[in-house]
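Here is what each chain is made of, one letter per residue.
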Amino acid sequence: MTSLPQTAPKGGSGGLIAALVGLVALIVVVALVYGFVSSGAWGAIVAWMHETTLGTVVRYVIESLILLVCVLLSSAVLIYGERKIWASVHLRRGPNVVGPWGTLQPFADLLKFVLKEPIIPAAANKGVFVLAPFVGALLAFAGWVVIPVSDGWVIADINVGILFMFAVSSLSVYSIIMAGWASNSKYPFMSALRAAAQMVSYEVSIGFVIVTVLLCAGSLNLSDIVRAQNYGLFGHFFTGTFLNWYWLPLFPMFVIFFVSALAEMNRPPFDLVEAESELVAGFAVEYSASMYMLQFLAELIAMLTMASMTTVLFLGGWLPPLPFAPFTWVPGVVWFLIKAWSVIFMFSMVKAFVPRYRYDQLMRLGWKVFLPISLIMVVVVAGVIEFAGAGGHGG
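Right, let's walk through the structure included here. (Residues numbered from 1 in each chain as written. Predicted model: local features only at pLDDT ≥ 70, side-chain atom pairs only at ≥ 80, totals over all residues. Heavy atoms only, no water.)

### Comments concerning the packing of helix α8 (residues 186-217) against helix α14 (residues 359-388)
- Contact pair α8 / α14: the axes reach a minimum separation of 9 Å and the direction vectors enclose 15°. As the angle between them shows, α8 and α14 are arranged roughly parallel. At the point where α8 passes α14, the crossing takes the left-handed sense. (Axes fitted to C-alpha atoms, helices over the stretch in contact; angles between N-to-C directions. Helix = DSSP H or I, 4+ residues; strand = E, 2+ residues; numbered from the N terminus. Parallel < 35°, antiparallel > 145°, perpendicular 65-115°, else oblique. Left-handed = near helix turned anticlockwise from the far one by under 90°.)

### A closer look at the nonpolar core
- Of all hydrophobic cores here, the largest spans 67 residues; its most connected members are Leu-222, Tyr-246, Leu-250, Leu-313, Phe-314 and Phe-347.
- Among the elements that line this core, the one with the most residues is helix α12 (residues 289-314), at 13 residues.
- Ignoring any residue separated from it by four or fewer positions in sequence, one finds Phe-314 in contact with Val-209, Val-213, Gln-229, Trp-245, Tyr-246, Trp-247, Leu-250, Met-253, Phe-254 and Phe-257.
- Formed by 18 residues, the second largest nonpolar core is a distinct cluster that contains Val-135, Ile-176, Ala-182 and Tyr-287. (Core = buried A, V, L, I, M, F, W, Y, C linked by side-chain atoms within 4.5 Å. Buried < 20%, exposed > 50% of the residue type's maximum accessible area, 1.4 Å probe, protein only. Contact = heavy atoms within 4.5 Å.)

### Quick notes on unusual backbone geometry
- Residue Pro-269 follows Pro-268 across a cis peptide bond; omega there is 5°.
- Mapped onto the secondary structure, Pro-269 falls in the loop between α10 (251-264) and α11 (276-279).
- Going from Ala-325 to Pro-326, the amide bond is cis rather than trans, its omega being 5°.
- Of note, Pro-326 is situated in the loop between α12 and α13 (332-353).
- Despite not being glycine, Trp-101 has its phi angle at roughly 55°, a positive value.
- Relative to the helices and strands, Trp-101 is located in the loop between α3 (53-89) and α4 (105-115).
- For Trp-101, a relative accessible area of 69% gives the class exposed.
- Positive phi is not limited to glycine here, since Asn-266 has a value of about 60°.
- Mapped onto the secondary structure, Asn-266 falls in the loop between α10 and α11.

So, in C-alpha cells, the structure goes:
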C-alpha cells in the first residue's frame, strides 16, 4: 500500500507575507505622520480647532467618530475574547476557523446579521419596535463622551460627568421596556417588567457607592476623581501608589459596585431579563437580523462602559500603580486599558462559573444586603472625612 504524499500546511507562507506587508504599511504610516507633525502643519490645524467656532465643531465631530470606531472595535474584541475565555474554562477551542486564530469571527457574525432580513411581527407596535434598539445603542454610546481614558483624553470634561453617566445608565432600561412592550408578546413583556424592577433595585446601591466616591474625591468631574486617587484619603501616605486608589479604603463599596454592575448590565448571574430557560431570549424574542444585533451591541457597550467606570472610580484610571520607572514610562491610556480589560475579564469569568440567581434571590441581595451596607458605608466614610480631614484632593 502506498502512502499519500505529505503536504505542507496551508496558509503558512501566506500569513508570513501578510505580516510583512502589514509591518511595512505600519512603518510607512508612522513615517508619514512624523513628517506631517514635524512640518508644523499639525500645530496650525490644532490651533484652528481650539480657537475658532467652526474648528471646535469639527474637532468634536472627529473626536466622536474616533471614539465610535474605537468602541465598536472594542466590542468586536470583547465578543472574541469572551468566547475564547469561556472556551478555555470549558476545555474547548472557541473560534478558530474564520481568520487567523478565529479573530475575524465577530466580523463574520456582523455580516450575517446585516445581510439577514429583519422581520417585524404583525401585531407589534412597529414604530416603537424599530426605535427601541436604536435608543439602546444611542444611550450606550452616549456615556463614553465623559469617560477620560487618559489625562486630557476626554471629549466632554464636564464638572458633572458622574451625574451624566448615572443618568444615561438609568435611561438605558427604557430601550428594554420599549422592546418588551412593543413586541406584543408575553415573554418580552415579562422581560421588560423584570428589567424595570432589577434596574431600580441596583441603581439605588450604585447611587450610594458613587456618593462615597464623591465624598472622598470632592468632585463630580471624572478626571478629578482619578487625580484624587493619586493622593488617596490621606495624602501623605503611599502617594502615587495603587494603595491610594479607592478600591482599598472603599473595598466593600468596590465589591458592591462590581456586583451591581453585573445586575445593571443584565449579565450572568443576574441575566433574569433574558433567561433562556424561562423567557427564551427575553425582550429580544421577536427581534431578528440587524435590530437583534443592535440590542446586544448595546449590552456589550454597556459592559465596556461599566468596566471603564470601575477603573475610573476605584482603580486609579490612567494612573500607574507605582510612581517610578519603568511604570511611569508607560502611557496613561495603556494603564487605563489594562485595568478596564482586567475588569472585563472578571465579568466574563463570573459568567463562566457562577450559576444564575432566582429572581427572589436577586431582589433580596439588592434590597436586604447591598442597600443596608451601602447606607452604613456612606455614614462611615462621611464621618471619617469630617473628623479626620481626609479626602477632597480632586480639584
